[in-house]
Amino acid sequence: MAKPVVLIAEELSPATVEALGDEFEIRHTNGADREQLLPALAEANAVLIRSATKMDKEAIAAAPNLKVIARAGVGLDNVDTPAATEHGVMVVNAPTSNIVSAAELAVSHILSLSRNIADAHASMKQGEWKRSKYTGVELYEKTIGIVGLGRIGTLVANRLTGFDVNLIGYDPYVTQARAEQIGVELVEMDELMKRSDYITIHIPKTPETTGMIADREFAMAKPNLRIVNCSRGGIIDEEALYKALSENKIAGAGLDVFNSEPPQGSKLLELDNILLTPHLGASTGEAQEKAGISVAKSVRLALAGDLVPDAVNVAGGLIDASVKPGIPLAEKLGQLLSGIAHASLTSIEVEVRGFIAEHDVTVLKLAALKGIFQNMVTDQVSYVNAPLIAEGRGVEVKLTTDTNSEEYRNVTIIRATLGDGSSVSVAGTVTGPKLNQKIVNINGYDVEVPMDDNFVVMVYDDRPGIVAIYGSAFAEANVNIAAMQIARRSEGGKALSVITVDSPVSPEILDQIQSKTQADYVRAVTLTEN
């Protein structure tokens, strides 16, 4: 019997090939050269790539036997994941391969900024000896603010502990108990900006976090603040950072990531009080080798039909055909739940009702967790590491099933208890021959809303004029309402509006609506495909 063909499209470590074993026919090609890549894909069952090979719709269509695309790294910008999913091709990467390297780089930036290492080195290379010019500061007893206490943020905290610093942190998705476990005092973002001598950022880039540190935040900062971003470009507003540095409102900054890479023409390049590196977070030999070995193991699992921990689009393994349509639904419900939650999560329950509960529906729990954590953490969230992320944050998770479902053939319900003792819940179903996804309940309010990309969810006292208020606010902001549904439990009580809009809504518009309607809450949720 012919061996499965594994195509290696870029240079990978010998350990990667060794991890694949001798059960496959290994072929090599230059993935950056389309004329070589496309013909080579024709017989490939798996392809291993890094960043130079573009696995787009054309490449995927050229590979009729392809079962898995393996990216030996974290990012997936060069892989068309939706197209791969459409063709039944699994996409895997190595989400934890660079976490130690990324954490160490952040600490390196902090130390280099403290002791002016880069500038002193450049001065020495020019034949100078200016000891007094490069007088630095100690980390000892300084306050370091960590924005994001996921896996990388936690590693940074662990490494900084040995410097006898005072660690504070901001992460709305982490409980106080979890923060205390890693020796970090949990504070609000404004307090972190005011108290910190150093700030290091370790959060994902989302519509909510883009530009979250800007003029307002820098106005709160100490003049001796040194801020480091080795996470994602754009979380710090670069124009505001330039202003703060050029006007000496803060002491320094270290950046490994930028709005546009490379940052050609950026005014930040002109400054002396900034330390810049060209996106080196994963650029260590150890991280590269870990990535190669990790994806090689995933390829072995995928081609054997086993569950693949680092699959980003499908879980792998045997999943009943009746369960599969519920996977993207559960993931989107998870995103919706995390979007309407106003505090950190302490427990999550996924309940599956209906005839599909006769089968193994564990994958629906995994999909729900993947959706919940997708925009909460910097790590790439997969179907199997999502429970580990929950465990690491002290979140209890359980799955319950019931073959009875009164209103729908099948329904998936996600409930979460929050750190303040309150709870949130969402429910959805897949209906009809076209497998349409619908939201059928939010926080106990019955609705029937087709799944879409952008929602605004609000709860308020049921009274005349509310729709006119938020309709006017959206119109003034040029946000088009595509659909709307209002649910209530009793006349004159609380009402819930679910509004489908054509574009994301800014926090300023939400604040305006909440103020004018005196709503209990107004939340905007953008659902994304991973």
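Residues numbered from 1 in each chain as written. Predicted model: local features only at pLDDT ≥ 70, side-chain atom pairs only at ≥ 80, totals over all residues. Heavy atoms only, no water.

### Remarks on the overall build of the protein
Logical step 1: A count of helices and strands for the protein gives 17 helices and 22 strands.
Logical step 2: The C-alpha radius of gyration computed for the protein amounts to 25 Å, which stays within 12% of the reference 24 Å derived for 530 residues, consistent with globular compactness.
Logical step 3: Oriented by its inertia axes, the alpha-carbon framework of the protein measures out at about 80 × 70 × 40 Å.
Logical step 4: Residues classed as buried in the protein amount to 52% of the 530 residues present.
Logical step 5: Put simply, of all contacts in the protein between residues at least 6 apart along the chain, 64% involve residues at least 24 apart.
Logical step 6: Surface summary for the protein: the accessible area is close to 23900 Å², and the carbon and sulfur share equals 48%.
Logical step 7: In the protein, the 47 positive side-chain charges and the 68 negative ones have mean positions that sit 2 Å from each other. (Helix = DSSP H or I, 4+ residues; strand = E, 2+ residues; numbered from the N terminus. Rg over C-alpha atoms; globule rule 2.2 N^0.38 Å. Buried < 20%, exposed > 50% of the residue type's maximum accessible area, 1.4 Å probe, protein only. Contact = heavy atoms within 4.5 Å. Areas by Shrake-Rupley, 256 points an atom, 1.4 Å probe, with all protein chains shown as cover. Lys, Arg positive; Asp, Glu negative; His and termini not counted. Charge placed at Lys NZ, Arg CZ, Asp CG, Glu CD.)

### Looking at the sheet that holds strand β17 (residues 436–442)
Logical step 1: Taken in spatial order, the six strands line up as β14-β13-β15-β16-β17-β18 in an open sheet, and their pairing is mixed. Every other strand in the sheet has two partners, leaving β14 (396–402) and β18 (445–450) as the edge strands with one partner each. Taking the axes of each pair of neighbouring strands and ignoring which way they run, one obtains an average angle of 20° across the sheet.
Logical step 2: As paired strands, strand β15 (residues 410–418) and strand β16 (residues 423–431) are joined by six bridges and run antiparallel to one another. Note on β16: the bridge partner recorded for Thr 417 is Ser 423.
Logical step 3: Strands β13 (345–354), β15, β16 and β17 of the sheet are contacted by helix α13 (residues 326–340), whose axis makes an angle of about 155° with β16. (Pairing = 2+ DSSP bridges. Axes fitted to C-alpha atoms, helices over the stretch in contact; angles between N-to-C directions.)

### Points about the packing of aromatic side chains
Logical step 1: Here the structure, examined in full by the defined rule, presents one aromatic pair.
Logical step 2: Across from the ring centre of Tyr 445, 3.9 Å away, lies the NZ or CZ of Arg 489, which sits over that ring. (Phe/Tyr/Trp six-rings, centres within 6.5 Å; stacked < 30°, edge-to-face > 60°. Lys NZ or Arg CZ within 6 Å of the ring centre and 35° of its normal.)

### What to know about the pattern of salt bridges
Logical step 1: For the coordinates displayed, the defined rule picks out 23 salt bridges.
Logical step 2: Asp 56 is the partner of Arg 34 in a salt bridge, and the nearest nitrogen-oxygen pair spans 2.9 Å. Of this pair, Arg 34 sits in helix α2 (residues 34–41) while Asp 56 sits in the loop between β3 (46–49) and α3 (57–61), and the two are 22 residues apart along the sequence.
Logical step 3: Classification of Arg 34 by relative accessible area gives partly exposed; the value is 26%.
Logical step 4: Exposure remark for Asp 56: the relative accessible area of 28% places this residue in the partly exposed category.
Logical step 5: Taking the shortest distance from any N to any O, the salt bridge between Lys 370 and Glu 331 comes out at 3.0 Å. Of this pair, Lys 370 sits in helix α14 (residues 362–373) while Glu 331 is found in helix α13, placing the two residues 39 residues apart along the sequence.
Logical step 6: Accessibility expressed as a relative area gives 0% for Lys 370, which makes it buried.
Logical step 7: Sharing partners across several salt bridges, the network here consists of Glu 349, Glu 351, Arg 353, Asp 402 and Arg 415. (Salt bridge = Lys/Arg side-chain N within 4 Å of Asp/Glu carboxyl O.)

### Some remarks on unusual backbone geometry
Logical step 1: In this structure, the amide linkage connecting Glu 261 to the following residue, Pro 262, adopts the cis form with an omega of -5°.
Logical step 2: One non-glycine residue with positive phi stands out, namely Glu 141, at about 65°.
Logical step 3: Along the chain, Glu 141 falls in the loop between α6 (117–125) and β6 (143–147).

### What to know about the sheet that holds strand β7 (residues 166–170)
Logical step 1: Strand order across the open sheet formed by seven strands is β8-β7-β6-β9-β10-β11-β12, with parallel pairing between neighbours. Lying at the two open borders of the sheet, with one neighbouring strand each, are β8 (185–186) and β12 (274–276).
Logical step 2: Pairing of strand β9 (residues 198–201) with strand β10 (residues 226–229) involves four bridges; the strand directions are parallel. By the bridge assignment, Tyr 198 is partnered in β10 with Arg 226.
Logical step 3: Sheet contacts for helix α7 (residues 151–161): β6, β7 and β9; angle to β6, the most-contacted strand, approximately 165°.

### Some details on the nonpolar core
Logical step 1: Counting 50 residues, the largest nonpolar core has Leu 345, Ile 348, Leu 364, Ile 372, Phe 373, Ile 414 and Leu 496 as its most contacted members.
Logical step 2: Beyond its immediate sequence surroundings of up to four residues, Leu 496 is in contact with Ile 442, Tyr 445, Val 447, Val 457, Met 458, Val 459, Gln 485, Ile 486, Ala 487 and Tyr 521.
Logical step 3: If you look at the next biggest cluster of nonpolar residues, it comprises 32 residues, including Val 187, Leu 225, Phe 258 and Leu 271. (Core = buried A, V, L, I, M, F, W, Y, C linked by side-chain atoms within 4.5 Å.)

### Some remarks on the pairing of β13
Logical step 1: Counted residue by residue, β13 has seven buried out of ten residues, so it is predominantly covered.
Logical step 2: As judged from the nine bridges shared by β13 and β15, these two strands associate in the antiparallel manner. Within β15, the residue paired with Ile 348 across the bridge is Ala 416.
Logical step 3: Of the strand pairs in this sheet, β13 and β14 are connected by seven bridges, and their pairing is parallel. What sits directly across from Arg 353, in β14, is Asp 402.

### Quick notes on helix α5 (residues 99–115)
Logical step 1: The terminal C-alpha atoms of α5, which comprises 17 residues, lie 25 Å apart, in line with the 24 Å expected from a rise of 1.5 Å per residue.
Logical step 2: Those residues of α5 that sit buried are Ile 99, Ser 101, Ala 102, Ala 103, Leu 105, Ala 106, Val 107, His 109, Ile 110, Ser 112, Leu 113 and Ser 114.
Logical step 3: After α5 finishes, the residue Asn 116 shows a positive phi value of roughly 55°. (Expected span 1.5 Å × (residues − 1).)

Scope: geometric values only; no functional claims are made or implied.
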